[in-house]
Amino acid sequence: MADTMMNMELRFADYLLPNQLMEEDLIKINDQFLTVDSILETKEGYVLTLLDDFDDEVEYFVSDNEKIEWYVFIETDDD
């Protein structure tokens with residue numbers, strides 16, 4: 001019986017507006033991958049609280065119509 005090793009590959013999925021984001025989404029800003037921790041809507045746009053690879057919080061302001069790169073992990077077979 002052969003065992004199949006499953007790998008996870010990070011892939012670009014789409015461009016999202018801030019109001020389409022959800023907590024725990026993985027996004028890319030300034031060539032850095034960040035996890036959305038919280039989203040706060042303001043009169044001027046949105047304040048995203050993001051977590052980096054070390055779980056350090058980063059606040060980032062985006063306007064209502066700014067598009068953000070959204071990434072997902074996809075399972076791949078490792079033959």
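Look up a bit, the structure's there.
Worth saying up front: this structure is predicted, and the values here are computed from it rather than measured. (Residues numbered from 1 in each chain as written. Predicted model: local features only at pLDDT ≥ 70, side-chain atom pairs only at ≥ 80, totals over all residues. Heavy atoms only, no water.)

## Some points on the packing of aromatic side chains
The test is simple: Any two rings among Phe, Tyr and Trp, with Trp reduced to its six-membered ring, count as a pair given centres within 6.5 Å; such a pair is stacked if its planes are under 30 degrees apart, edge-to-face if over 60, and tilted if neither. Helix and strand definitions follow DSSP, with helices as H or I runs of at least four residues and strands as E runs of at least two, each counted in order from the N terminus. Here the term buried applies to any residue with accessible area under 20% of the maximum for its type, exposed to any over 50%, and partly exposed to those in between, with areas from a 1.4 Å probe on protein chains only.
Evaluation of the coordinates by the stated rule reveals 3 aromatic pairs. Relative to Tyr71, the ring of Phe33 lies with its centre 4.9 Å away and its plane at 90 degrees, an arrangement referred to as edge-to-face. Pair noted here: Phe33 is in strand 3 (residues 32-41) and Tyr71 is in strand 6 (residues 68-78), with a separation of 38 residues, a long-range link. Since its relative accessible area comes to 12%, Tyr71 is described here as buried. Aromatic rings pair up to connect Phe12, Tyr15, Phe33 and Tyr71 into one cluster.

## Re a nonpolar patch on the surface
Heads up, the rule is: Candidates for patches are residues over 30% relative accessible area with no salt bridge; among them, like charges are joined within 9 Å and nonpolar side chains (Val, Leu, Ile, Met, Phe, Trp, Tyr) within 5 Å. The protein chains shown are the only cover counted for residues, whose accessible areas, like all others here, come from Shrake-Rupley with a 1.4 Å probe. Salt bridge criterion: a side-chain nitrogen from Lys or Arg within 4 Å of a carboxyl oxygen from Asp or Glu.
Together, Met8, Leu10 and Phe73 line one region of the surface with nonpolar side chains, adding up to about 290 Å² of accessible area. A residue is classified by how much of its surface remains accessible, and Met8, at 49% relative accessible area, is partly exposed.

## Describing the pairing of strand 4 (residues 46-51)
Two faces make up the sheet, and in a regular strand the side chains alternate between them. We count it as follows: DSSP bridges decide pairing: two strands pair if at least two such bridges lie between them.
With respect to burial, strand 4 is a largely interior element, 5 of its 6 residues being buried. Sheet analysis places strand 3 next to strand 4, joined by 6 bridges and oriented antiparallel. Opposite Thr35, over in strand 4, you have Leu51 as the bridge partner. Linkage of strand 3 to strand 4, two consecutive antiparallel strands, is achieved through a turn of 4 residues, within which Gly45 is found at a positive phi near 160 degrees.

## Quick notes on the pairing of strand 3
Sheet topology places strand 2 (residues 26-29) next to strand 3; 4 bridges connect them, and they run antiparallel. Within the sheet, the bridge partner assigned to Ile29 lies in strand 3 and is Gln32. Hairpin connection between strand 2 and strand 3: a loop of 2 residues separates the two successive antiparallel strands, and Asn30 in this loop has a positive phi of roughly 50 degrees.

## Quick look at the pattern of salt bridges
Summed over all chains, the structure comprises 1 salt bridge. Ionic pairing is found between Arg11 and Glu9, a salt bridge with its closest N-O pair at 2.9 Å. By relative accessible area, which is 39% here, Arg11 ends up partly exposed.

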